Amino acid sequence: MTELSEEQVLAKATAGDKQAFGMLYDKYATRIYNYIYYRTGSAQDAEDLTSRVFFRAMRHITNYRDRGVPFTAWLYRIAHNLVANWHRDSSRRQEVELEDGYRASKGDEHPELALMESEDQNALLSIIRKLPEERQQLLILKFVEHMSNAEIGQIMDRTEGAIKSLYHRTLLSLREEIAKDKSGHFSLDMFGDLPED
Amino acid sequence: MKIVWPWNRKRMERELQSVESLLTEAFKPVHARPSFVNDLRKRLVGSRNPLARAGLSTLELILIIGGAIVGVVVLVLTILGRFGGLVGKLKFWEWGKKKKAKSDSG
């Protein structure tokens, strides 16, 4: 039995082979869903947009040519554009509600502890959602998809150095926002006083 | 642009590491509903093709399909042969019966 490499599967898919596209779907469906879920904060919208991403990808895959942009980056760009349109079009921007998500739980967590952790995560995600779009995208690609700066750069169409710098600035602004947070989810002395300007 | 004084740099690095730990905790992988994932797959490409999923080469596929066709043809010919043989035997039996009856009457 010969296992097809991603290049071979991609070549078949770009030639219009539906089963090959199915293999790409199997590989990327959950990743794209994760990305959209954290960008929209809603499982329902994540399902809707994930469907649209793959239908659009299937419609246009015959036009895909690997010109230095890997297939992953191509797919994430479709997802990014659809999420950006969704944010523009809708005034139904929601706060992240983790209750409607299907989070991977450790299973052995104490329910109260899990709830406290979930509230802390909600508070942090609320802060993250106030960041500019590109910074949210960067954080999701880094922490959910575990991508390198170079890979993120390919998706966001920036250099590796630019991503590194953007990441550093994002961490700094998050640190400030967390220090300012009065919700009580983060201890006030977590960071002490911020350094003088 | 904020200036970070050298005596604050270490502390700031520690704090940024804490932010990274919080982010790692916050961004846990989520799972889509399996029914959604399966339904979307069906809508996109139809049901799973077990041969394609097994990653068979074109030659292997040709051999499997060719073998299946040959098998079916052999089976059909065998059935027809048996059926033909049975019909032939019946005819022979009837012919033999008629011949016997003729010779008895003669």
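Residues numbered from 1 in each chain as written. Chains lettered and ligands numbered in written order. Predicted model: local features only at pLDDT ≥ 70, side-chain atom pairs only at ≥ 80, totals over all residues.

1. Some remarks on the overall build of chain B
At step 1: The secondary structure content of chain B amounts to four helices and zero strands.
At step 2: Each helix and strand of chain B, placed in order from N terminus to C terminus, yields the pattern α-α-α-α.
At step 3: Burial analysis of chain B (106 residues in total) assigns 8% to the buried set. (Helix = DSSP H or I, 4+ residues; strand = E, 2+ residues; numbered from the N terminus. Buried ≥ 20, exposed ≤ 12 C-beta atoms within 10 Å, placed from the backbone.)

2. Focus: the nonpolar core
The nonpolar side chains of a soluble globular protein tend to be buried, and buried together.
Residues and elements named next belong to chain A.
At step 1: Ranked by size, the top nonpolar core spans 51 residues in total, and within it Leu24, Ile32, Tyr35, Ile36 and Ala79 carry the most contacts.
At step 2: Top contributing element to this core by residue count: helix H2 (residues 18-40), with 13 residues.
At step 3: Among the domains, domain 1 (1-94) and domain 2 (109-186) are the pair contributing at least three residues each to this core. (Core = buried A, V, L, I, M, F, W, Y, C linked by C-beta atoms within 7 Å. Domains from an automatic or database assignment.)

3. Quick word on the packing of helix H6 (residues 133-143) of chain A against helix H7 (residues 149-156) of chain A
Residue and element names in this part refer to chain A.
At step 1: One can describe the packing of H6 onto H7 by two numbers: an axis separation of 10 Å at closest approach and a directional angle of 135 degrees. Put simply, H6 runs oblique to H7. Seen along the crossing, H6 lies across H7 with a hand that is right-handed. Taking contact as the criterion, the partners of Glu134, Gln137, Leu138, Leu141 and Lys142 in H6 are, on H7, Ile152, Ile155 and Met156.
At step 2: For the contact of H6 with H7, a count of residues per class yields five nonpolar, one polar and two charged. (Axes fitted to C-alpha atoms, helices over the stretch in contact; angles between N-to-C directions. Parallel < 35°, antiparallel > 145°, perpendicular 65-115°, else oblique. Left-handed = near helix turned anticlockwise from the far one by under 90°. Contact = placed C-beta atoms within 7 Å. Nonpolar A, V, L, I, M, F, W, Y, C, P; charged D, E, K, R; others polar.)

4. Here's the deal with unusual backbone geometry
Residue and element names in this part refer to chain A.
At step 1: For His146, which is not glycine, the phi dihedral falls at a positive 55 degrees.
At step 2: Counting through the fold element by element, His146 comes out in the loop between H6 and H7.
At step 3: Here the phi dihedral of Asp157 falls at roughly 60 degrees; this positive angle occurs in a residue that is not glycine.
At step 4: Among the structural elements, Asp157 can be located in the loop between H7 and helix H8 (160-180).

5. Focus: the packing of H7(A) against H8(A)
All names here are of chain A.
At step 1: Orientation of H7 relative to H8, taken along the N-to-C sense of each, is 100 degrees, at an axis distance of 8 Å. Taken together, the axes of H7 and H8 lie roughly perpendicular to each other. Contacts from Asn149, Ala150, Ile152, Gly153 and Met156 in H7 reach Glu160, Ala162, Ile163 and Lys164 in H8.
At step 2: Of the residues that constitute the contact of H7 with H8, the class distribution is five nonpolar, two polar and two charged.

6. Considering the confidence of the model for chain A
Residue and element names in this part refer to chain A.
At step 1: For chain A, per-residue confidence averages 81 on the pLDDT scale, and residues scoring 70 or more make up 77% of the total.
At step 2: Ranking the elements of chain A by mean pLDDT puts helix H5 (residues 111-129) last with 72 and helix H3 (residues 43-60) first with 95.
At step 3: Under a pLDDT of 50 for its full length, residues 93-109 has, in the predicted model, 33 contacts with residues more than four places off or in other chains. (pLDDT = per-residue confidence, 0-100.)

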